[in-house]
Amino acid sequence: MASAAVLVAGATSSAASAQQVASNTVETVVVTGSYQESLTAARNIKRESVILKDAIVAEDMAKFPELNLAESLQRLPGVQITREAGEGRRISLRGLGPDFARVQLNGMEVLGNVDSAQDSRGQRSRDRSFDFNIFASELFSKVEVEKTFQASQNEGGMAGTVGLFTGKPLDYNTGFKGAVTAKAGSNQYTGDLQPRIAALASYNWDDKFGIAVSVAYGHRRTTEEGHNTYNYSLLGATTTDAKTGKQTGKALDLVASGVDISHLSADKQQRFLAGNLYFPDGNRISSWNGKQDRLGLTAAVQWKPTNNILLTLDALHGEFTVHRDELHLATRPLNGLGSTNLDGPKGSPWPAIFQNATVFNNYTVDANGYVTMTDSSNVTFGSEHRREKNLNVFNQGVLTGTWDVSDALTIDGHIGAEKSLYKTPYDDKLYMRAKGGLIANYGTDGRSASFQYTNWDPTNPANYAMDNFYYRAFNNSSELKEGVLNARYKLDEHVTLRAGVAYHNFSQNGASYYYDGGDNGTTAITRGTSVADITTVFHNSYGSWLIGDYDKAFAKYKEYHRLAPKADGTGGALKDIENVFKVDEKTVSYYAQVDWDSEMFGKPFRGNIGVRGYSTDTRSQGWIQGKNYAYLGTADVKGSYDGLLPALNTVLELTPEVLVRFTATQNLNRPSLGSIAAQGSAFQNNTSTCDPTAPNSKSNCDFTASRGNPNLKPFLDTTLDLGVEYYFGKVGLISVGVFQKYVKNFITSKTWSIDNGNALTYAQAQISPATTPGATADTLLESFSMPINDPGTKKITGVELAAQSQFDFLPAPFNNLGAVVNYTYVDFPQSITGISNTSYNATLYYETSDWGARASLSHRSSWFTGHGATPMSADTRGFTGGNYVDAALFYNITDQLQATLDAVNLTNQKDTQFWGQNRYLYNQTQSGTTYMGGISYKF
């Protein structure tokens, strides 16, 4: 379904790259700036396309229909999004997660990751996904979602391809065009002023030469706050020795250490001592507070040196910077069970209040053994203040050319380069500990949370003591160089032959650095000291507590962010360096395709059929590490794969208003970066009796290793699509589509071992024997594991329904009403995660020549991010479903001046994560409603 907005008044719709021009010819659309006309513009793009395509077009210069690209995309059928701090971040498409949706910018593939505040949302993912909150939406003139594949498209993104297009000067009328948009708003939690400005200027010299530039800048504070756990810690079952009658178990150990259970009833004491109880970990209230700055710059230069040659140079620079403070108050025992409410006494250097064990007053437990309520005194808490800076920088340059050699022959292509840098120069933690009472209640079903802090003041420094500092830093970068050359030859008015070649050179590298309190030396100096002079009181909707103040604490302890010992010798060497790997991919691809536009049974019939070939060479270099992350050597592994991808796309026009589409295509998706990374580990698990020279050294030394697999083959997908589209009126569209995907080469893990009879040598595993003392190339590994391709095939089936209409059949003034709705259902195997079975969107709008308003609802059902084998496995995780409601209003003060009002997340929707098959609460946050008012001026 085309859910779009408006092109600039007087502008013409044209493809932003020559490759797109060659693929689909789209009629010129002249629009007036209304939402109704925008739907018509996008509907025409869908209607004229041979492949299944949806589109969103900017309502005006520097004015996209939503404040965020992902939030615009979610209005299209088959698209689901995840959010970060209330803002759309990633998309899933047609039954497959973000790693399977390819994103292109001005015709060139783009990779760009930002961070998340939470590990469970992919905090620092090094993957093939694209994070749409990198760029301001005002930079783009159009977004297209190609749901089916054609041979002329570069292979990849088997869920679909999202194309982002910036404005081009020759798309506008001759002379000068410009627009300025200024907005300001606030969020109900942050209460700050959030400026957002964008400007675009373009000059077209007689359709021969043109320059367009745009800039967008926004600053805002964000807050997410709520309750969460770290899932659970298991209080294991108490056992009795059959011979001695002696009982052993963690419950008995806790009581022996001093945990007081005398306040429990006799039945509850007995149940506690029996063990086999799942206690919530963390019992945490949290606030993630960020300061975001987003800057985007685009430039486009177009030149027609002759009437048959068009050259376009596009450049884009983007920066997205987040300064974040994470503030948590959680249960963190020093001598107890996991991160639960249960803790024994702890002596020096801790103050006297920490030498009192927990008094367990009461608890409730459900039928699964999960403890849904605890009432405890003398609980040990941790107050964590984490401060970080995350910087994302993206640069791209693309030169596109089109040469109409003759009336029949056209040559086009592009060359381009881009680099995406993600860097966290500091990510520090300041830990304090506290003592006090807590009643943690998760409801009878374990799916909600409320905490009461009893018999202590969480804002009193006397209840706290300093712990330590933890310093971290991260970085990764991606680079891409690409070249594409296409030729198109029109045999006659019905048949066109097309062929082309492409080169794609991608590389990605990075590392993570962890310098904890033990290694950096702060634990020995700071632990147990007073916090009276280094704290401030923090308040949010869930409580008030003390947090560490970095400026004061650094001054007191003469500390600073560092990854090495201080000049005075404090601290040891940095030991924990992880995720050190580099991945290189080089691909040469080629295609041949026949396009036709004729008749079948007297009905207009158009389409294309072709095949694309590809050959990819991979290489990965990664650290092999041992105990305590010790560097043992570097693995250097190469791989390759190739193949052919056939594609058929057809459109039959039963009537001028009714189209029937059928496609049968194959596409691929390259393996995840983490799976093909050559990084790994190697251990000698038995050092006491190991003799590498002895015949049985293979078992005595117990050599084990693991690594990624650069030889993984790509995911391969065969897709069948059938759809019917009915077009009516100026805006009207009803479409029904079904699709089925057969996907193979999913990734699983395999272990080779002596016990299984398939053990590998170091040489066969491509692990350097130098990583393990005493090993040789011919030494057998006790066990070796790495990811491999699963030989099975998984089926995904989906249904997409969409409709849009202007209610012009109603009497005035109701004839100005209109609606856009869609519904998607996807059926998929349990092993595929990140997708909801159902999603739907609805927009109701009212529009006149002077003013207009619209409200939108977006829903997706619950979805899983992992599955475990048992009911209480924490490997089962996911998100509950939710509804997001947004609204927008505009008023045309003059033909050139417009006032706008946007409201995002009107219902302050809760973002809830769960664990286990019973869907116990894992994390629940809210980010508040944001209101944004603005003025836009065209000239």
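Details of the structure are given in the entry above.
Before going into details, it helps to say that this report is about the structure given with it. (Residues numbered from 1 in each chain as written. Predicted model: local features only at pLDDT ≥ 70, side-chain atom pairs only at ≥ 80, totals over all residues. Heavy atoms only, no water.)

**So, the side chain of serine 129**
Inference 1: Relative to the helices and strands, serine 129 is located in the loop between strand S5 (108-109) and strand S6 (140-146).
Inference 2: For serine 129, a relative accessible area of 2% gives the class buried.
Inference 3: Within the local environment of serine 129, its side chain forms a polar contact with the side chain of arginine 90, the two groups lying 3.5 Å apart.
Inference 4: Separated by 3.2 Å, the side chains of serine 129 and aspartate 99 make a polar contact. (Helix = DSSP H or I, 4+ residues; strand = E, 2+ residues; numbered from the N terminus. Buried < 20%, exposed > 50% of the residue type's maximum accessible area, 1.4 Å probe, protein only. Polar contact = N/O pair within 3.5 Å; in protein donor to acceptor, adjacent residues only side chain to side chain.)

**Description of the side chain of serine 927**
Inference 1: Of note, serine 927 is situated in the loop between strand S44 (920-926) and strand S45 (930-938).
Inference 2: Here serine 927 falls in the buried class, since its relative accessible area comes to 9%.
Inference 3: With near-sequence residues (within four places) excluded, serine 927 lies in contact with Ala85, Gly86, Asn187, Tyr189, Thr223, Glu224, Asn905 and Asn908. (Contact = heavy atoms within 4.5 Å.)

**Considering the nonpolar core**
Inference 1: Ranked by size, the top nonpolar core spans 41 residues in total, and within it Leu73, Ile91, Phe132, Val162 and Leu164 carry the most contacts.
Inference 2: Looking at this core, the elements that each hand over two or more residues are helix H3 (69-73), strand S2 (79-84), strand S3 (87-93), strand S4 (101-105), S6, strand S7 (160-166) and strand S32 (732-744).
Inference 3: The next biggest cluster of nonpolar side chains, apart from the first, holds 31 residues, and it includes Ala434, Ala449, Met466 and Val531. (Core = buried A, V, L, I, M, F, W, Y, C linked by side-chain atoms within 4.5 Å.)

**Considering the pairing of S3**
Inference 1: Across the seven residues of S3, seven count as buried, placing the element largely inside the fold.
Inference 2: If you look at the hairpin formed by S2 and S3, you'll find two residues sitting between the two strands, and alanine 85 has a positive phi there, around 55°. (Pairing = 2+ DSSP bridges.)

**Overview of the pattern of salt bridges**
Inference 1: Applying the stated criterion across every chain, the model contains 37 salt bridges.
Inference 2: A salt bridge links lysine 566 to aspartate 568; the nearest nitrogen and oxygen atoms lie 4.0 Å apart.
Inference 3: Note on lysine 566: relative accessible area 10%, which makes it buried.
Inference 4: Here the salt bridges share partners, and the residues they tie into one network are Lys46, Asp54, Arg94, Lys147, Arg661, Asp721, Glu725 and Glu800. (Salt bridge = Lys/Arg side-chain N within 4 Å of Asp/Glu carboxyl O.)

**Points about empty space enclosed by the protein**
Inference 1: As enumerated under the stated definition, the model contains 19 cavities of 30 Å³ or more in all.
Inference 2: Taken as a whole, the largest cavity holds about 360 Å³ of empty space.
Inference 3: Residue assignment for the lining of the largest cavity shows that the elements contributing at least two residues are strand S9 (194-205), strand S10 (209-228), strand S15 (284-306) and S45.
Inference 4: At eight residues, S10 tops the list of elements feeding residues into the lining of the largest cavity.
Inference 5: Here the lining of the largest cavity is composed, by residue class, of ten nonpolar, 13 polar and eight charged. (1 Å grid on protein atoms, 1.4 Å probe; cavity = no way out; pocket = protein on both sides within 12 Å on 5 of 7 lines; lining within 4 Å. Points joined across faces, edges and corners; volume = space filled by probe spheres on them. Nonpolar A, V, L, I, M, F, W, Y, C, P; charged D, E, K, R; others polar.)

**Details of the environment of serine 477**
Inference 1: Assignment of secondary structure puts serine 477 in strand S21 (residues 464-490).
Inference 2: Here serine 477 falls in the buried class, since its relative accessible area comes to 10%.
Inference 3: The residues contacting serine 477, other than those within four sequence positions of it, are Lys419, Ser420, Leu421, Ser507, Gln508 and Asn509.

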